[in-house]
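This is what each chain is made of:
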Amino acid sequence: MLNANIVKNAIEILAYERTNYLKLHPRSIAFSAKANQHFLYGVPMHWMNDWGTPVPLFVQQAQGAHFSCADDIDYTDFCLGDTGAMFGHSPLPVAKAIAAQANSGYTTMLPSTLAPNVGEALAEHFGLPYWQLATTATDANRFVLRWARAVTGRQKLLVFDGCYHGTIDDTMVDMVISDDTMADAIEGKTANRASLLGQVYDLGLHTVTVPFNDAEAVERELAKGNIACVLTEPALTNCGMVLPKAGFIKILRDLTKKYGSLLVLDETHTISTGRGGWAKANHVTPDFLVIGKPIAGGLPASAYGFSTEMAARMKTAKDSAPSGHSGIGTTLSGNMMTLAAIHATLTEVATAEAYTHMLTMAEELERQLTASINSHKLPWNITRLGARLELQFCAETPKNAQEARDAQNETLESAIHLYLLNRGVLLTPFHNMMLVCPATNNADLNLLIRVFNDCLDALTA
Ligand SMILES: Cc1ncc(COP(=O)(O)O)c(C=O)c1O
């Protein structure tokens with residue numbers, strides 16, 4: 001429960017900062033007016049209008065840990081494209097690889113001579129022997145689900161309440177707890193996410209949702225013998241941040257094996273853990289691993305890796321199906337430009353040294369943000385997963401999505417975001433995530449910490 005004085009201050013700060021934002025951004029206002037003539041809500045993708053700024057912030061240029069807006073204001077970027085630019089904007093080796101490829105073709109529908117090296121780099125980086133490419137993490141998840149259902153012959157999917165795996169329909173569900181379902185001694189009922197547009201199917205027919213960190217609920221569902229796979233991030237990163245209890249993901253590994261289901265780990269965000277992601281660092285081998293966002297340095301690219309056993313089962317499923325469309329794959333995925341960018345990112349950008357720097361910086365940021373919170377006597381916490389940090393308005397890291405949701409407050413969140421933005425610091429929208437990249441330096445950290453501290457002064461005044 002948030003202190004009433006803080007909420008009152010947040011409302012005042014928000015009103016003041018909205019006016020301040022409009023004064024600071026006349027050119028973004030002009031771009032917005034022009035873009036409104038031909039783009040829905042004046043933005044290339046409608047959700048770009050949901051950032052909470054009075055008009056969208058139009059970006060002019062981005063490099064390393066910084067970008068500048070149309071009004072020539074410099075920002076230190078802790079959003080980093082919500083992980084797409086986790087290795088910094090325009091990393092030089094990627095820029096060079098793209099430039100080198102630029103006059104040698106972009107897409108042919110054939111495997112290019114770069115392909116074997118990219119496969120080798122993916123296997124070395126993530127520790128799984130076999131790979132396929134897609135263009136977005138959404139698509140990679142969608143394709144993995146299709147494979148999982150094909151190889152197991154089972155229909156159902158198990159995900160965790162509060163999950164996000166992109167706009168794949170099967171996972172756009174929530175666990176709804178009603179008085180009726182409580183009486184069932186099952187945690188909840190799976191229903192289409194209320195905000196989902198244009199979906200006419202009942203997604204709860206084939207997707208089961210249980211609370212994260214609840215091994216008993218998982219086992220109860222797996223024991224029914226109809227779950228093709230458990231799909232999860234190793235830590236939930238899209239409903240705030242929920243870390244796995246010690247051993248929870250290993251328990252998922254054991255339970256999925258016991259009941260003939262597959263384990264799919266979506267490492268799109270948890271690649272922040274360390275080089276190769278969470279599973280590699282924690283010695284868990286999933287059946288499938290999904291990775292997207294930063295693997296081509298910020299160009300659209302994704303991939304999914306799988307075990308030798310899975311590769312054999314996938315071939316059996318494919319070879320025994322009639323010839324024709326499998327429903328897996330898209331025309332432009334695995335194009336030459338993307339292959340060049342993935343190779344440069346994995347071999348020259350996402351290096352052990354880069355991660356050492358990111359993790360050291362993130363640890364320092366965690367320490368200083370926590371000190372600032374404590375000095376203001378606020379019952380809030382910073383949860384960290386490698387280079388990724390989340391501010392949550394509760395004293396302890398939440399154990400599941402419901403606890404994370406209970407700690408959220410939209411007004412307070414918007415006030416903090418806009419206060420920081422108007423002072424040159426960008427956080428990730430829709431929650432309070434901060435990501436550190438290889439180019440983030442001490443001056444960047446100091447700016448965030450100073451402005452955050454000033455913001456807490458204003459909120460607790
Ligand atoms: C864990 C996870 N998986 C998949 C996705 C989807 O990525 P994309 O929007 O690039 O398809 C996201 C996006 O935030 C994500 O957080």
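It should be noted that the structure appears before, not after, this text.
Residues numbered from 1 in each chain as written. Predicted model: local features only at pLDDT ≥ 70, side-chain atom pairs only at ≥ 80, totals over all residues. Heavy atoms only, no water.

(A) The overall build of the protein chain, seen in detail. Within the protein chain, the secondary structure is distributed over 15 helices and 16 strands. Projected onto its principal axes, the C-alpha positions of the protein chain cover 65 × 65 × 45 Å. Burial status across the protein chain gives 52% buried among its 461 residues. A total of about 20600 Å² of accessible surface is found on the protein chain, and carbon and sulfur atoms cover 56% of it. Treating the 34 positive side-chain charges of the protein chain as one cloud and the 45 negative ones as another, the clouds have centres 3 Å apart. (Helix = DSSP H or I, 4+ residues; strand = E, 2+ residues; numbered from the N terminus. Buried < 20%, exposed > 50% of the residue type's maximum accessible area, 1.4 Å probe, protein only. Areas by Shrake-Rupley, 256 points an atom, 1.4 Å probe, with all protein chains shown as cover. Lys, Arg positive; Asp, Glu negative; His and termini not counted. Charge placed at Lys NZ, Arg CZ, Asp CG, Glu CD.)

(B) Spatial organisation of the site of the ligand. Inspection of the region around the ligand gives 13 residues, with Thr 138, Asn 238, Asp 266, His 269 and Lys 293 positioned closest. Contact distances for the ligand include 2.5 Å between an oxygen atom and a side-chain N or O atom of Thr 138. Here a nitrogen atom of the ligand and a side-chain polar atom of Asp 266 are 2.6 Å apart. Starting from 390 Å² of accessible surface for the ligand in isolation, the protein chains cover 85%. No other element matches the three residues that helix 5 (residues 137–152) contributes to the shell around the ligand. (Near = heavy atom within 4 Å. Polar contact = N/O pair within 3.5 Å; in protein donor to acceptor, adjacent residues only side chain to side chain.)

(C) Inspection of the sheet that holds strand 5 (residues 156–160) at higher detail. As summarised here, the arrangement of the seven strands in space is 4-12-11-10-9-5-8, forming an open sheet in which the pairing is mixed. Edge strands, defined here as strands with exactly one partner in the open sheet, are strand 4 (130–134) and strand 8 (207–210). For this sheet the average axis-to-axis angle between neighbouring strands, irrespective of direction, equals 20 degrees. In terms of strand pairing, strand 5 meets strand 9 (residues 227–232) through three bridges, oriented parallel. The residue bridging Leu 158 from the neighbouring strand is Val 230, located in strand 9. On the sheet, helix 10 (residues 308–319) packs against strand 4, strand 10 (262–266), strand 11 (288–291) and strand 12 (302–306) and is oriented at approximately 100 degrees with respect to strand 12. (Pairing = 2+ DSSP bridges. Axes fitted to C-alpha atoms, helices over the stretch in contact; angles between N-to-C directions. Contact = heavy atoms within 4.5 Å.)

(D) Focus on the layout of surface pockets. Put simply, the second largest pocket is a space of about 670 Å³. Taken together, 31 residues make up the lining of the second largest pocket; nearest its centre are Trp 131, Gln 132, Leu 133, Ser 333 and Gly 334. Looking at the lining of the second largest pocket, the elements that each hand over two or more residues are helix 4 (115–126), strand 4, helix 5 and helix 11 (336–349). Across the lining of the second largest pocket, the residue classes break down as 17 nonpolar, 13 polar and one charged. (1 Å grid on protein atoms, 1.4 Å probe; cavity = no way out; pocket = protein on both sides within 12 Å on 5 of 7 lines; lining within 4 Å. Points joined across faces, edges and corners; volume = space filled by probe spheres on them. Nonpolar A, V, L, I, M, F, W, Y, C, P; charged D, E, K, R; others polar.)

(E) View of the packing of aromatic side chains. For the structure shown, the criterion picks out 11 aromatic pairs. Between Phe 67 and Tyr 75, the ring centres sit 4.9 Å apart and the planes meet at 15 degrees, which makes this aromatic pair stacked. With respect to class, Phe 67 is no different from Tyr 75; both count as buried. Each ring, one from Phe 126 and one from Trp 131, has its centre 5.5 Å from the other, and the planes form 45 degrees; the classification is tilted. (Phe/Tyr/Trp six-rings, centres within 6.5 Å; stacked < 30°, edge-to-face > 60°.)

(F) Summary view of the sheet that holds strand 3 (residues 74–77). Reading across from one edge, 1-2-3-15 is the order of the four strands in this open sheet, with mixed pairing throughout. Both outer strands of the open sheet, strand 1 (59–63) and strand 15 (425–426), are each paired with one neighbouring strand and no more. Judged from the three bridges that link them, strand 2 (residues 66–69) and strand 3 form a sheet pairing that is antiparallel. Across the sheet, residue Phe 67 finds its bridge partner in strand 3, namely Tyr 75.

(G) Representation of unusual backbone geometry within the structure. At His 283, a residue that is not glycine, the phi angle is positive and equals roughly 55 degrees. Notably, Phe 430 is not glycine yet its phi reads approximately 75 degrees, a positive angle. Looking at the secondary structure, you find Phe 430 in the loop between strand 15 and strand 16 (433–435). The class for Phe 430 is partly exposed, based on a relative accessible area of 49%.

(H) Structural view of the pattern of salt bridges. Enumeration according to the criterion identifies 15 salt bridges in this entry. For the salt bridge of Arg 253 with Asp 287, the shortest nitrogen-to-oxygen distance reads 2.8 Å. Of this pair, Arg 253 sits in helix 8 (residues 248–258) while Asp 287 is found in the loop between helix 9 (277–281) and strand 11, placing the two residues 34 residues apart along the sequence. Each member of the pair Arg 253 and Asp 287 is classed as buried. For the salt bridge of Arg 367 with Glu 364, the shortest nitrogen-to-oxygen distance reads 2.9 Å. With Arg 367 and Glu 364 both in helix 12 (residues 352–375), this residue pair falls three residues apart, about one helical turn. Bridged by salt links that share partners, the residues Asp 82, Lys 293 and Arg 388 form one connected network. (Salt bridge = Lys/Arg side-chain N within 4 Å of Asp/Glu carboxyl O.)

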